[in-house]
Amino acid sequence: MAEEHCQICQLMKSKEGLVVYEDEGMKALLLDKPSSPGHIRLFPKKHYTIFEQVPDQEVEKIFIVANKISTAVFEGLNMQGTNILVNNGVAAGQKDPHFTIDIIPRIEGDGLKLDWTPRQLSDDEMSTVELMLKPHTETLGVSEEPEKPVEGKKKEETIKDENYLTQQLRRIP
Ligand SMILES: [Zn+2]
């Protein structure tokens, strides 16, 4: 879905909504239909559909701001907790095709349901999940160095990239 049809982009351009924070790159609004009073939605001004599309530097900045908003919620609203929530992809409950972070104020006994019933995996299920995940996680790491340009990508790598893109598109709402 393109920017012009995105509700978050439209909301950002309009003067609607109670702005609790804004800078050149992001904006945070107080929701008028919240899960609990003080529920805040923070989003980058650029239209990124899902989390994976947000550049690392912006991820860093937006989570720093999310943390500060969470602190403001604790102190300003006398809350006992916050949920910092990213619904990433349709299957995860993402409604708008624009990456957002929700900061939800919590107080003991507020009755908000975000929990789930854990189920015990068998050893087989655990090792299957581990095997599938490992090739994708063992190269993870945050580097301070700028990425080196890749010279002459092998065919195999190109195919991998295509698969990655297709997988990513499937998650886009
Ligand atoms: Zn948008």
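These remarks concern the structure in this document. Within any chain, residue numbers begin from 1 and follow the written order of that chain's sequence. Only residues with pLDDT of at least 70 are given local features in this predicted model, and only at 80 or more are side-chain atom pairs given and counted; all residues enter the totals for whole chains, interfaces and linings. As a rule here, side-chain values come from all non-hydrogen atoms in the structure, and water together with hydrogens is ignored.

### Quick look at the coordination of the zinc ion
The line we're drawing: Donor criterion used throughout: N, O or S atom within 2.8 Å of the metal, extended to 3.2 Å for Na, K and Ca. Water excluded; incomplete-looking sites may result. Any site counts as irregular unless it has four donors with all angles between 85 and 135 degrees, making it tetrahedral, or four or six donors with opposite ones more than 155 degrees apart and the rest between 65 and 115, making it square planar or octahedral. Secondary structure elements follow DSSP: runs of H or I of four or more residues count as helices, runs of E of two or more count as strands, with numbering from the N terminus.
The coordination sphere of the zinc ion contains the protein donors Cys6 (SG), Cys9 (SG), His47 (ND1) and His98 (ND1), at a distance range of 2.1 to 2.3 Å. For the zinc ion, the four donor atoms are set out with angles of 105 to 117° between them, so the coordination reads as tetrahedral. Read in sequence order, the donor residues for the zinc ion give the motif C-x2-C-x37-H-x50-H. Of this pair, Cys6 sits in the segment before helix H1 (7–13) while His47 sits in the loop between strand E3 (40–44) and helix H2 (56–76), and the two are 41 residues apart along the sequence.

### Some points on the sheet that holds strand E4 (residues 81–85)
Two modes of strand pairing occur in sheets, parallel and antiparallel, and in both the strands are linked by backbone hydrogen bonds. Selection rule: Note on pairing: DSSP must find at least two bridges between two strands before they are called paired. Interaxial angle, 0 to 180 degrees, is taken between N-to-C directions of lines fitted to C-alpha atoms, where a helix line uses only the stretch in contact. In this description, contact between two residues means that some pair of their heavy atoms is separated by no more than 4.5 Å.
Strand order across the open sheet formed by five strands is E1-E2-E3-E5-E4, with antiparallel pairing between neighbours. If you trace the sheet from one side to the other, it starts and ends with strand E1 (18–22) and E4, each paired once. When the angles between neighbouring strand axes are averaged without regard to direction, this sheet yields 20°. Bridge count for E3 against strand E5 (residues 101–106) is three bridges, and the pairing is antiparallel. Note that in E5 the partner of Leu42 across the bridge is Ile101. Its contacts with the sheet put H2 on E1, strand E2 (26–30), E3, E4 and E5, and the angle it makes with E3 is roughly 165°.

### Looking at a nonpolar patch on the surface
Put simply, the test is: Residues form patches when they are more than 30% accessible in relative terms and have no salt bridge. Like charges link within 9 Å. Nonpolar side chains (Val, Leu, Ile, Met, Phe, Trp, Tyr) link within 5 Å. Per-residue accessibility takes into account occlusion by the displayed protein chains alone, with areas from the Shrake-Rupley method and a 1.4 Å probe. What counts as a salt bridge is simple: a side-chain nitrogen of Lys or Arg found within 4 Å of a carboxyl oxygen of Asp or Glu.
Taken together, the side chains of Leu18, Val20 and Leu30 present a nonpolar region at the surface, about 230 Å² in accessible area. With respect to the helices and strands, Leu30 occurs in strand E2.

### Digging into the pairing of E2
Counted only if it meets this: The buried label goes to any residue with under 20% of its type's maximum accessible area, the exposed label to any with over 50%, and the partly exposed label to all in between, with areas taken from a 1.4 Å probe on protein chains only.
Burial analysis of E2 places four of its five residues in the buried class, the great majority of the element. Two strands pair when backbone bridges link them, and E1 and E2 are joined in this way by four bridges, in the antiparallel orientation. Across the sheet, Leu18 pairs through a bridge with Leu30, a residue of E2. Looking at chain direction, E2 and E3 are connected through five bridges and run antiparallel. Looking at E3, one finds that Ala28 is bridged to Leu42.

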